[in-house]
Amino acid sequence: MFEGFNQAFVKNAITRSSENAIDRRRFLRAAGITGVGVAGLGALGVTAGTAFADESAQKGPSDGAVLNFALNLEYLEAEYYLRGVFGEGLKDNQIDGSGHLGGVTGGYKVRFESDLGKQYAEEIAADERAHVDFLRGALGNAKVARPKINLTDAFNAAAMAAGLIKRGEEFDPFASENNFLLGAYVFEDVGVTAYKGASPLISNKTFLEAAAGILAVEAYHAGILRTVLLSKGLEIPAGAVSDARDSLDGKSDLDQGIVDDHGHVNIVPTDKNGIAFSRSAGQVLNIVYLNPAAVNEGGFFPNGVNGEINTSDDNS
């Protein structure tokens, strides 16, 4: 999927490739351009001043910090889909990095009732695994490890917040195809809005193009998922999930279910200009932490995410 990008990535090696100047140097070594000197960097279209710009001159998070934030989310999606489709998650060589390496609680192979549903899930699982590998490769030594993920308690809390279950009951997203699709709906729309919200923060055009490519794939996933949910008559529980997300990410009514207020199909959630809306990193963390307050852990990430961007917004 990303063949041809690696070459462009190296040739456009960057001002803000990682979280700090040391990691930028490590990135250049990992990219195979160690020791080329100023002249060699110039041949690649990168000046020494560009490659090693003072971190203090940057405004906002570095490109590496933004990509690591995205990597945390891709870890979550990959673990969910891989466990549901294949019964096992990411391999050991796909989860190491800086920060605290955590385990995953919950998840097992789903017994899909329809061949089409299974094929959709298999394709999405493969895409999410590829996203993890791609971001880890792009970040090199600056990549963060997979943080601790809890799929069991978090889905119970999310389902209770959505009114799908009552206190003392459980929601198991791996128990059936319909449950798995509803569980996936918690993530997919969030992924689209997260990448769109992050796009203005990415300064390097090569990274920006790659992020746009991932955003497009996540949008395809979300469109497929919303369509399948509607075809199965699951618009009411999907609407409850949408309302629960909206209760976490601020006072604005951003989120949209798979039908509008008039009962009409709403597969593509947009504003009045037909443009998908954005969420800030803090708003995304409000949802995955399942908390409208400014916190740095909870929900799907009991110990928080790894990296510089780790605190949710205060929407309480």
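Now for a look at the structure at hand. (Residues numbered from 1 in each chain as written. Predicted model: local features only at pLDDT ≥ 70, side-chain atom pairs only at ≥ 80, totals over all residues. Heavy atoms only, no water.)

A tally of helices and strands in the protein chain yields 11 helices and two strands. Each helix and strand of the protein chain, placed in order from N terminus to C terminus, yields the pattern α-α-α-α-α-β-α-β-α-α-α-α-α. Counting the 316 residues in the protein chain, one finds 49% classified as buried. Residue pairs in contact within the protein chain that sit at least 24 positions apart in sequence constitute 74% of those at least 6 positions apart. (Helix = DSSP H or I, 4+ residues; strand = E, 2+ residues; numbered from the N terminus. Buried < 20%, exposed > 50% of the residue type's maximum accessible area, 1.4 Å probe, protein only. Contact = heavy atoms within 4.5 Å.)

Under the criterion given, the structure shown has 13 aromatic pairs. Plain terms: the ring middles of Phe-155 and Phe-171 are 6.4 Å apart, the flat faces sit at 50° to each other, and that makes the pair tilted. Highlighted residues: Phe-155 in helix 7 (residues 151-161) and Phe-171 in the loop between helix 7 and helix 8 (177-198), separated in sequence by 16 residues. Neither Phe-155 nor Phe-171 differs from the other in exposure class; each is buried. (Phe/Tyr/Trp six-rings, centres within 6.5 Å; stacked < 30°, edge-to-face > 60°.)

The next thing to look at is the nonpolar core. Ranked by internal contacts, the top residues of the largest apolar core, which has 69 residues, are Tyr-80, Leu-151, Leu-229 and Phe-300. Put simply, the parts of the chain that give this core at least two residues each are helix 5 (63-86), helix 6 (115-139), helix 7, helix 8, helix 9 (205-231), helix 10 (235-248) and helix 11 (281-288). Per-element tally for this core: the top contributor is helix 5, with 14 residues. In this structure, Leu-229 is in contact with Leu-181, Leu-182, Tyr-185, Leu-234, Glu-235, Ala-238 and Ile-258, ignoring residues within four places of it in sequence. (Core = buried A, V, L, I, M, F, W, Y, C linked by side-chain atoms within 4.5 Å.)

Among the secondary structure elements, Glu-177 is positioned in helix 8. Residues Glu-177 and Glu-113, 64 residues apart in the sequence, show an inter-C-alpha distance of 6.3 Å. Those residues in contact with Glu-177 that lie beyond four places of it in its chain are Val-110, Arg-111, Phe-112, Glu-113, Ser-114, Gly-117 and Lys-232. From its side chain, Glu-177 meets the backbone nitrogen of Glu-113 in a polar contact 2.8 Å long. (Polar contact = N/O pair within 3.5 Å; in protein donor to acceptor, adjacent residues only side chain to side chain.)

Following the sequence through the fold, Ala-159 ends up in helix 7. Residue Ala-159 is classed as buried on the basis of its relative accessible area of 3%. Each C-alpha atom, one on Ala-159 and one on Pro-173, is 9.8 Å from the other, the two residues being 14 residues apart in sequence. When sequence neighbours within four positions are dropped, the list of residues in contact with Ala-159 reads Leu-164, Ile-165 and Phe-171.

For helix 8, spanning 22 residues, the distance from its first C-alpha to its last is 32 Å, which sits close to the expected 32 Å at 1.5 Å a residue. Remark: the principal bend of helix 8, roughly 30°, maps to Tyr-185. Among the 22 residues in helix 8, 18 count as buried, and that is most of the element. (Expected span 1.5 Å × (residues − 1). Bend = angle between axes of the 7 residues up to and from the residue.)

With that settled, consider the packing of helix 5 against helix 9. Contact geometry of helix 5 with helix 9 gives a least axis separation of 12 Å together with a crossing angle of 25°. One finds that helix 5 runs roughly parallel with respect to helix 9. When the axes of helix 5 and helix 9 are compared, the crossing they make is left-handed. Side by side, helix 5 and helix 9 meet where Asp-63, Leu-67, Glu-74 and Glu-77 of the first sit next to Phe-207, Ile-214 and Glu-218 of the second. Its residues assigned to classes, the contact of helix 5 with helix 9 shows three nonpolar, no polar and four charged. (Axes fitted to C-alpha atoms, helices over the stretch in contact; angles between N-to-C directions. Parallel < 35°, antiparallel > 145°, perpendicular 65-115°, else oblique. Left-handed = near helix turned anticlockwise from the far one by under 90°. Nonpolar A, V, L, I, M, F, W, Y, C, P; charged D, E, K, R; others polar.)

Attention shifts here to the environment of Glu-88. Within the element layout of this structure, Glu-88 appears in the loop between helix 5 and strand 1 (104-105). The spacing of Glu-88 and Gly-107 is 19 residues in sequence and 8.1 Å in space, taken between C-alpha atoms. When neighbours within four sequence positions are excluded, Glu-88 is seen to be in contact with Leu-82 and Arg-83.

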